[in-house]
Amino acid sequence: MQIDRVTEILSPADAIFAWHERPGALERLTPPWQPVEVTSDPGPLEAGRTVALRIKVGPVALRWIARYESVSPGAGFVDIQERGPFDRWRHTHRFDALDPNRTAVSDMIDFEAPGGPLGSLAEPAIRQRIRRLLRYRHDVMAADLAWHARYASLPRQTVAITGASGLVGAALSALLTTGGHRVRPMVRRAPGPGEIAWDPKRGMNPADLEGVDAVVHLAGEAIVSGRWTAEQKRRIRDSRVAGTGTIADAIARAPNGPRVLVSASAMGIYGDRGDEILDDDAAPGQGFLPEVAGQWEAATAPAAHAGDRVAQARFGLILSPAGGLLQRMLPPFRLGIGGPLGNGSQWMSWISIDDCITGLGHLLFNPLQGAFNFGSPEPVTNRDFTRTLGRVLRRPTLFPVPKTALRLVFGELADAGILASTRMAPTRLLASDFSFRHRELEPALRHLLGRHRHA
């Protein structure tokens, strides 16, 4: 069985090969709907070198070991399954230069399904999954290379990231390292090689930030994790306010440290605002989440007062099947029992994971400061979100979740978070020449879920 895909990409062949060699390439090429963990350092593309992966298929974790062969720098390589779920797997990657700035990227996969003759029964499903995989890879590769080309003239940066193992932090790390930048995770345990120790309560040593150009601060207690108790609300507040203050203070006191802080914030600063269109200068709302978000942003002040450039990313709902809201919604929607939350009239300001991380990169590499709304220019109501997700999954959406049920399960969080209506406009991002990959919801969901009508 053989499956091919060829895409013309506006990038030199040697740049595409170099992108594949860098840390994070496998992570960027892995579809978010297919959980894959790289369990060994892939290192450079060298014949004979192996890379180990752990792939989850439902409840089963499979080990995959691939070996590189026929490596031709600037032109392509082959990876062969040494151990894994297929009886045979050979993947040929070719980068054929069409001219100095255009390349035909070809993926040719030759495989045998497991199970001998019985494996032929699974062939149509396997072919479809591989086609979805290759389309996703080519789309991400082309978009990432174009994004990196925009900043090719800038010096490579060393970026420290809190929350580097989380949904956003891991994706941002892979985006940056495939562009040749260095990422230093900031951890609250004993640091390993290249890591930086920090503690939201006890502080950190500013000297540990020496040689770091910028910090992206993403760490914080999950807001939607069950009913809010007094203790949970304290943890939510402290993790954001105290943690951000610790980072900002260390940056301010680091003599040879970072001069840029990009800190997470949230659309919760606006509260429940109905149909009101909220640009970046809209006044904060009332209640627990607006208060926390306001204090969270204010905690960056020590860095700003020291003359460092500070930008806050007010995240909308970050869409990825690998985590967050979309991951929680998928099981009932796939079973055909999904539906609107409450009456579905509340506005949902959403952003795809790819736009979220390229937006953070945009704040890193451009002279921007202040608060920025991180939401698509096309927010939707919960009712429209529900219908669109059902259409992409080809499932009915006939089972609304009543407000009373949400309030019973989530208490205060139901009205303050789940049912709150926030209609953000990313005015400052658009004015700063940021280009969204996914402005409309349906194309975003089809990309993230591998549900294109024609893979």
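First, a word on scope: everything that follows refers to the structure included in this document.

The rules behind each value
Residues numbered from 1 in each chain as written. Predicted model: local features only at pLDDT ≥ 70, side-chain atom pairs only at ≥ 80, totals over all residues. Heavy atoms only, no water. Axes fitted to C-alpha atoms, helices over the stretch in contact; angles between N-to-C directions. Helix = DSSP H or I, 4+ residues; strand = E, 2+ residues; numbered from the N terminus. Parallel < 35°, antiparallel > 145°, perpendicular 65-115°, else oblique. Contact = heavy atoms within 4.5 Å. Buried < 20%, exposed > 50% of the residue type's maximum accessible area, 1.4 Å probe, protein only. Polar contact = N/O pair within 3.5 Å; in protein donor to acceptor, adjacent residues only side chain to side chain. Pairing = 2+ DSSP bridges. Patch = residues over 30% accessible without salt bridge, like charges linked within 9 Å, V, L, I, M, F, W, Y side chains within 5 Å. Areas by Shrake-Rupley, 256 points an atom, 1.4 Å probe, with all protein chains shown as cover. Salt bridge = Lys/Arg side-chain N within 4 Å of Asp/Glu carboxyl O. Lys, Arg positive; Asp, Glu negative; His and termini not counted. Charge placed at Lys NZ, Arg CZ, Asp CG, Glu CD.

**Thoughts on the packing of helix α1 (residues 13-21) against helix α3 (residues 123-150)**
- Remark: α1 packs on α3, axes separated minimally by 11 Å, with the N-to-C direction vectors making an angle of 105 degrees. With respect to α3, the element α1 is oriented roughly perpendicular. For the pair α1 and α3, the contacting residues are Ala 15, Ile 16, Trp 19 and His 20 in the first and Met 141, Asp 144, Leu 145 and His 148 in the second.

**A few points about the environment of Val 140**
- Inspection of the secondary structure puts Val 140 in helix α3.
- Val 140 sits in the buried class, given a relative accessible area of 1%.
- Residues Val 140 and Gln 232, spaced 92 residues apart in sequence, show a C-alpha to C-alpha distance of 38 Å.
- In contact with Val 140, not counting residues within four places along its chain, are Arg 28, Arg 437 and His 447.

**Let's talk about the side chain of Asp 199**
- For Asp 199, the position within the fold is in the loop between β10 (196-197) and β11 (214-217).
- Within polar-contact distance, the side chain of Asp 199 engages the backbone nitrogen of Lys 201 at 2.8 Å.
- A polar atom in the side chain of Asp 199 sits 2.9 Å from the backbone nitrogen of Arg 202.
- Asp 199 has contacts with Arg 188 and Thr 246, leaving out every residue within four places of it along the chain.

**Considering the sheet that holds strand β8 (residues 158-162)**
- Pairing is parallel across the open sheet formed by seven strands, whose spatial order is β10-β9-β8-β11-β12-β14-β18. With one partner strand each, in any of the chains shown, β10 and β18 (370-374) form the two edges of the open sheet.
- Pairing of β8 with strand β9 (residues 182-187) involves five bridges; the strand directions are parallel. Each residue of the ladder has a partner; that of Val 159, found in β9, is Val 183.

**What to know about the environment of Gly 257**
- Structurally, Gly 257 is set in the loop between α5 (230-253) and β12 (260-266).
- Note on Gly 257: relative accessible area 10%, which makes it buried.
- Sequence separation of Gly 257 and Leu 209 is 48 residues, and the distance between their C-alpha atoms is 5.1 Å.
- When near neighbours in sequence (up to four residues on either side) are disregarded, Gly 257 contacts Leu 209, Glu 210 and Val 212.

**Thoughts on a positive patch on the surface**
- A grouping of Arg 334, Arg 394, Arg 395 and Arg 451 is seen on the molecular surface, where their side chains present a positively charged patch.
- Mapped onto the elements of the fold, Arg 394 is located in the loop between α10 (382-393) and α11 (403-410).
- Residue class for Arg 394 comes out exposed when judged on its relative accessible area of 69%.

**Let's talk about the sheet that holds strand β2 (residues 36-38)**
- Spatially, the seven strands line up as an open sheet ordered β1-β7-β6-β5-β4-β3-β2, and their pairing is antiparallel. The sheet is open, and its two borders are formed by β1 (2-9) and β2, each paired with just one other strand. Taking each pair of neighbouring strands and ignoring which way they run, the sheet shows an average axis angle of 20 degrees.
- Sheet analysis places β1 next to strand β7 (residues 102-112), joined by eight bridges and oriented antiparallel. Within β7, the position partnered with Arg 5 by the bridge is Asp 107.
- Contacts from α1 reach β1, β4 (60-72), β5 (76-83), β6 (88-99) and β7 within the one sheet, and its direction differs from that of β6 by about 145 degrees.
- Along the sheet, α3 contacts β1, β6 and β7; its crossing angle with β1, the most-contacted strand, is approximately 15 degrees.

**Things to note about the pattern of salt bridges**
- Using the criterion set out here, one finds 31 salt bridges in the structure.
- Residue Lys 233 pairs with Glu 412 through a salt bridge whose shortest N-O separation is 3.0 Å. With Lys 233 in helix α5 and Glu 412 in helix α12 (residues 412-418), this residue pair connects regions lying 179 residues apart in the sequence.
- The class of Glu 412 is partly exposed, set by a relative accessible area of 40%.
- For Asp 249, the salt bridge identified is with Arg 253, shortest N-O distance 2.9 Å. With a gap of four residues between them, Asp 249 and Arg 253 both fall in helix α5, about one helical turn apart.
- A relative accessible area of 32% places Asp 249 in the partly exposed class.
- With a relative accessible area of 48%, Arg 253 lands in the partly exposed category.

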